[in-house]
Amino acid sequence: MKTFFKNLRQFISTRLGLVLSLVFLIWLKTVIAYYFVFDLDLGGIYQHFIALISPVATTLFLLGLTLYIKNTKVFYITVSLLYTLIFAWLFSNVIYFREFSDFITVNTMLASSSVSAGLGEAALKLFRFVDLIFLFDFFLFGYLIYKKKITADERPLDKRSSFAVTALSVMLFSVNLFLAEIDRPELLSRGFSNSYIVRALGPNAFLAYSANQTYSARQDRAGATEEDLVPVEAYVSENYAKPNPDYYGIAKGRNVIYVHLESFQQFLIDYQLESEGESYEVTPFLNSLYHSEQTLSFSNFFNQVKAGKTSDSETLLDTGLFGLSQGSFMVTYGGTNTQVAAPNILSQLEGYSSAVFHGNAGTFWNRNQTYKQWGYQYFFDASYFSKQTSENSFQYGLNDKVMLKDSIEYLEHLQQPFYTKYITVSNHYPYTTSLVGDEVGFPLAETEDETINGYFATANYLDAAVEAFFNYLKETGLYDNSIIILYGDHYGISNSRNPSLAPLIGENSETWSPYDNAMLQRVPYMIHIPGITNGKIIDTYAGQVDALPTLLHLLGIDSARYLQVGQDALSPDHNQVVALRTSGYFITPTYTSYGGRNYYTESGEEITVPDESTTEAIQEARDATTLQLSISDAIQTGDLLRFYKDSGLEKLDMSKISYQNSLEQELTLEKELGSASTSLYSQNGNKSTIDLFNAPTYKALHPEQFEPKEDPETSESSSETEESSSLEESSNSSTSNP
Ligand code: GP9
Ligand code: MN
């Protein structure tokens, strides 16, 4: 033992030994932070492995650079400074994470001095006794140097060896990045969430990533001027579609409840899954809504997202603008750009309160920052709901039924009218992993693709969850003074899998074409307005960018003053060219352009030799698409809304918004308002309505399926156990996102 310490001391007394020891210390501290402070949502051995190696490469690279220094004094000063800096970055994140459940970005640092001032003050409070663990080495080194147990090494490392260290670190980083990309394709371009970058590449690389993001976003922004608003305003006024008098203001003053149907495609509506000679309706409740006379349902409504997937759909629906052609708008600009979103408009014009409910970490897609810019008063993320276990959740968050049930505690204290968004998650790739125990039972499809097979069962689960929520709304009376809008965010089955899906939807895998892929970009858009009787299925071609002006008009608010690029889908003037985010692709009632080819939308026939008028019509639609996207991009990348003064809205004061202690905030407000409080809880005589929410499990809803078969031979093994084992197998086979 003694000789070990002696050897160690000798090792540290060499320059290379010191550098390697410091790398080890940073690694150790980072791993402690990963497992005891940060919430990195690590699942599976592979992700743990990547996380474990992630701090090494960049730390070795940085500290290794000091080995090129010849002068002894300069070497030791530089290496200690650099080590302290790397450590300070890690440790600041430890402190910051405790308060904000997120990592420090360069944006946050530059954003406002008040944040850092506040943090400085908070930092002391957030320091915990156990944090001394992070500082032990400073004491130890101090002691060892004082006692001369370690000494300075006068001999610089030769150039070749120093270079070898640098080369090794670069190689390590490439391997690290490669492994991370396998786990999460397009990790750096799509961003996902800060914790995904940290856990894959370590805190140092995250700093560089964040700096690069801020730099490129700021460059675009710096180049933009007020002048750039001119074409934008011209487009918006020219493109304005006046409201339809039949619908204008019919939902005025009502609560708005958005239900985000995760990965839900239109083809699921009215779909019957055939399994072992029986036919199963996948989404009976959503089907009933689709056909209800109280619903304005769209049959040709398309998703318009790109790499930002869910986040793009949120940007489209809440702000009436597109996401970016690369990456996610919410991740890149969501926390910094001036944005004019529905919660803010409704709050300022009609006194709405607002909230989002979502059973995943608040940092995912940078929601916790973006929602503030959008004016959301409350954001109830995973931290507000039941602890996640393998029974009640999967990698993307808490199961929908549990999230909905848990949300009631917060919903009932929300002042009315409110604008709320429920982001469901259980019907998310890889499908089925979220369903275990009594939720197992809906049959799997029988294709060769496990992902497709599970899709119907999770959609059925989502359907039951939404039904339970509607029952609750009816039971409490919230239903009658609300408008409930359900939409699908994007495809659930990717284009590459569609040929395998083809036979299930009556199509041919062999002749599957880009046209068929385009048609599958339809998602539900159902505006449910309890009390109306003129609901119907509307064939108008529209997309997610049209949702905000449509909603504003239903609420009796003219959309003309806001710089959005969509149009009220209920307006007689609605222009039916649906732009897809992939530049140049579009769908109209007559033409579809997708995958580099043109088709007649109705027949699906490819247009190979178009006549002059067809060429012209297609070109016109293409130009409209390009223009719409370029106007949206100009606003988004140039942060043009900061120049716009005519919205009639006051500047949003974000410092008043905090997503911590939201229930306390609600209760304080409720108390302050006293008898003027309009929350459901107050209206209900200060009694909770939590017990009125009931979401039966699949097994409870379909007991007949679980009764032992008559035949004494088969009665031993119930269908339940067979189903659950086959589901588990399928859920294990695929783990990464397509
Ligand atoms: C995660 C969820 C999924 O919080 O919204 O996002 P997606 O992978 O669908 O873009
Ligand atoms: Mn999604």
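Everything numeric in this text was worked out from a predicted model, so none of it was measured. (Residues numbered from 1 in each chain as written. Chains lettered and ligands numbered in written order. Predicted model: local features only at pLDDT ≥ 70, side-chain atom pairs only at ≥ 80, totals over all residues. Heavy atoms only, no water.)

### Quick notes on the overall build of the protein
Here is step 1: Looking only at helices and strands, the protein has 27 helices and 16 strands in total.
Here is step 2: By the compact-globule yardstick of 27 Å for 738 residues, the protein fits well, its C-alpha radius of gyration being 28 Å.
Here is step 3: If you line up the protein on its principal axes, its C-alpha atoms span 90 × 80 × 70 Å.
Here is step 4: Sorting the 738 residues of the protein into buried and exposed places 55% on the buried side.
Here is step 5: Entry remark: accessible area of the protein is about 31900 Å², with carbon and sulfur atoms responsible for 55%.
Here is step 6: In the protein, the 48 positive side-chain charges and the 85 negative ones have mean positions that sit 19 Å from each other. (Helix = DSSP H or I, 4+ residues; strand = E, 2+ residues; numbered from the N terminus. Rg over C-alpha atoms; globule rule 2.2 N^0.38 Å. Buried < 20%, exposed > 50% of the residue type's maximum accessible area, 1.4 Å probe, protein only. Areas by Shrake-Rupley, 256 points an atom, 1.4 Å probe, with all protein chains shown as cover. Lys, Arg positive; Asp, Glu negative; His and termini not counted. Charge placed at Lys NZ, Arg CZ, Asp CG, Glu CD.)

### Section: the packing of aromatic side chains
Here is step 1: Summed over all chains, the structure comprises 52 aromatic pairs.
Here is step 2: Between the aromatic rings of phenylalanine 364 and tyrosine 396, the centroid separation amounts to 6.2 Å while the plane-to-plane angle is 75°, which identifies the pairing as edge-to-face. Taken together, the residues span a long stretch of sequence, with phenylalanine 364 in the loop between β5 (353–358) and α17 (367–374) and tyrosine 396 in the loop between β7 (393–394) and β8 (397–398) at a distance of 32 residues.
Here is step 3: Under the relative-accessibility criterion, tyrosine 396 is labelled buried at 4%.
Here is step 4: An angle of 70° between the planes, with centres 5.9 Å apart, marks the rings of tyrosine 455 and phenylalanine 456 as edge-to-face. Like phenylalanine 456, tyrosine 455 is buried.
Here is step 5: Within the aromatic cluster, the residues linked to one another by ring pairs are Tyr258, Tyr371, Trp374, Tyr376, Phe379, Tyr419, Tyr487 and Tyr659. (Phe/Tyr/Trp six-rings, centres within 6.5 Å; stacked < 30°, edge-to-face > 60°.)

### Some points on the sheet that holds strand β15 (residues 591–594)
Here is step 1: Spatially, four strands are ordered β13-β14-β15-β16 in an open sheet, and the strand pairing comes out antiparallel. At either margin of the open sheet sits one strand with a lone partner, and together these are β13 (578–579) and β16 (597–600). (Pairing = 2+ DSSP bridges.)

### Side note on the coordination of the manganese ion (ligand 2)
Here is step 1: Protein coordination at the manganese ion (ligand 2): the donors are Glu262 (OE), Glu262 (OE), Thr310 (OG1), Asp489 (OD) and His490 (NE2), at 2.0 to 2.7 Å from the metal.
Here is step 2: The site at the manganese ion (ligand 2) holds six donor atoms, and with the angles between them running 53 to 168°, its shape is irregular.
Here is step 3: Sequence spacing among the residues donating to the manganese ion (ligand 2) works out to E-x47-T-x178-D-H. Here aspartate 489 lies in the loop between β10 (482–488) and α20 (498–501) and threonine 310 lies in helix α14 (residues 309–319), a separation of 179 residues in the sequence. In this pair, the class of threonine 310 matches that of aspartate 489, namely buried. (Donors = N, O, S within 2.8 Å, 3.2 Å for Na, K, Ca; no water. Tetrahedral: all angles 85-135°; square planar, octahedral: opposite > 155°, others 65-115°.)

### Looking at the site of ligand 1
Here is step 1: In the vicinity of ligand 1, the contacting residues are Glu262, Lys309, Thr310, His358, Asn360, Phe364, Trp365, Arg367, His428 and His490.
Here is step 2: At 2.9 Å from an oxygen atom of ligand 1 is found a side-chain nitrogen or oxygen belonging to glutamate 262.
Here is step 3: Contact between ligand 1 and arginine 367: an oxygen atom at 2.8 Å from a side-chain N or O atom of the residue.
Here is step 4: In the complex, 100% of the free accessible area of ligand 1, which totals 310 Å², lies under the protein chains. (Near = heavy atom within 4 Å. Polar contact = N/O pair within 3.5 Å; in protein donor to acceptor, adjacent residues only side chain to side chain.)

### Thoughts on the nonpolar core
Here is step 1: Ranked by internal contacts, the top residues of the largest apolar core, which has 123 residues, are Phe38 and Ile483.
Here is step 2: In terms of residues, this core owes the most to one element, helix α5 (residues 72–100), which gives 13 residues.
Here is step 3: Per-domain counts for this core show at least three residues from each of domain 1 (2–221) and domain 2 (231–692).
Here is step 4: Aside from chain neighbours lying at most four places away, what touches isoleucine 483 is Ala251, Arg254, Asn255, Val256, Ile257, Ile527, His528, Ile529, Leu551, Leu554 and Leu555.
Here is step 5: Residues Leu273, Phe418, Phe442 and Leu663 belong to the second largest nonpolar core, which totals 63 residues. (Core = buried A, V, L, I, M, F, W, Y, C linked by side-chain atoms within 4.5 Å. Domains from an automatic or database assignment. Contact = heavy atoms within 4.5 Å.)

### Looking at helix α18 (residues 400–411)
Here is step 1: Taking 1.5 Å of rise per residue, the 12 residues of α18 would be expected to cover 16 Å, and the 15 Å separating its terminal C-alpha atoms lies within 8% of that figure.
Here is step 2: Where burial is concerned, most of α18 is hidden: nine out of the 12 residues are buried.
Here is step 3: Every buried residue belonging to α18 is among Asp400, Lys401, Met403, Leu404, Asp406, Ser407, Ile408, Tyr410 and Leu411, and all of these are buried. (Expected span 1.5 Å × (residues − 1).)

### Topic: the packing of helix α4 (residues 56–64) against helix α9 (residues 159–183)
Here is step 1: Here α4 crosses α9 at 160°, and the two axes come no closer than 8 Å. The orientation of α4 relative to α9 falls into the category roughly antiparallel. Our pair here, α4 against α9, has a crossing hand that is left-handed. Listed contacts from α9 to Val56, Ala57, Thr58, Leu60, Phe61 and Gly64 of α4 are Val165, Thr166, Leu168, Ser169, Val170, Leu172 and Phe173. (Axes fitted to C-alpha atoms, helices over the stretch in contact; angles between N-to-C directions. Parallel < 35°, antiparallel > 145°, perpendicular 65-115°, else oblique. Left-handed = near helix turned anticlockwise from the far one by under 90°.)

### Some words on the pattern of salt bridges
Here is step 1: The full count for this structure, using the stated rule, is 15 salt bridges.
Here is step 2: Between glutamate 439 and lysine 401 there is a salt bridge, and its shortest N-O distance comes to 3.1 Å. In this pair, glutamate 439 sits in the loop between β9 (418–423) and α19 (450–476) while lysine 401 sits in helix α18, placing the two residues 38 residues apart along the sequence.
Here is step 3: Residue glutamate 439 is classed as buried on the basis of its relative accessible area of 14%.
Here is step 4: According to the relative accessible area criterion, lysine 401 is buried, its value standing at 6%.
Here is step 5: In this structure, the salt-bridge partner of glutamate 606 is arginine 597, at a minimum N-O distance of 3.6 Å.
Here is step 6: When its relative accessible area of 39% is taken as the criterion, arginine 597 is described as partly exposed.
Here is step 7: One salt-bridge network, in which partners are shared between bridges, spans Glu314, Asp318, Arg367 and Lys421. (Salt bridge = Lys/Arg side-chain N within 4 Å of Asp/Glu carboxyl O.)

### Looking at the UniProt feature "transmembrane region" (unreviewed entry) in the protein
Here is step 1: Look at the UniProt record and you will see "transmembrane region" (unreviewed entry) annotated at residues 12–37, 49–68, 75–97, 126–146 and 162–180.
Here is step 2: Annotated as 88% helix and 0% strand, the span residues 12–37 places its first and last C-alpha atoms 29 Å apart.
Here is step 3: In residues 75–97, the share of helix is 100% and the share of strand is 0%. The end C-alpha atoms are 33 Å apart. (UniProt positions renumbered as here; feature names shortened; annotations may be inferred.)

### Comments concerning the pairing of strand β3 (residues 278–281)
Here is step 1: Relative to β3, strand β2 (residues 272–275) runs antiparallel, the two sharing four bridges. Bridged to glutamate 274 within β3 is serine 279.
Here is step 2: In sequence, β2 turns back onto β3 through a hairpin of two residues, with glutamate 276 there showing a positive phi of about 45°.

### Topic: helix α8 (residues 132–146)
Here is step 1: With 15 residues, α8 should cover 21 Å at 1.5 Å per step; its first-to-last C-alpha distance of 20 Å lies within 8% of that length.
Here is step 2: Of all the positions in α8, only Phe134, Leu135, Asp137, Phe141 and Leu144 are classed as buried.
Here is step 3: Downstream of α8 by one or two residues, lysine 148 has phi in the positive range, about 60°.

### Here's the deal with the pairing of β9
Here is step 1: Along β9, six of the six residues are buried, which leaves the element largely enclosed by surrounding structure.
Here is step 2: Sheet topology places strand β1 (residues 255–261) next to β9; five bridges connect them, and they run parallel. Looking at β9, one finds that isoleucine 257 is bridged to threonine 420.
Here is step 3: The pairing of β5 with β9 spans six bridges and is parallel. Pairing of alanine 355 across the sheet is with threonine 420, part of β9.

### A closer look at the UniProt feature "domain: Sulfatase N-terminal" (unreviewed entry) in the protein
Here is step 1: The UniProt feature table records "domain: Sulfatase N-terminal" (unreviewed entry) at residues 254–557.
Here is step 2: Between the end C-alpha atoms of residues 254–557 the distance is 13 Å, and the span holds 32% helix and 20% strand.

### Section: unusual backbone geometry
Here is step 1: Along the chain, glutamine 416 connects to proline 417 via a cis peptide bond; the corresponding omega equals -5°.
Here is step 2: Looking at the element boundaries, proline 417 is found in the loop between α18 and β9.
Here is step 3: A cis amide bond, omega 5°, links tyrosine 429 with the succeeding residue proline 430.
Here is step 4: Mapped onto the fold, proline 430 is located in the loop between β9 and α19.
Here is step 5: One non-glycine residue, serine 263, lies in positive phi territory at about 50°.

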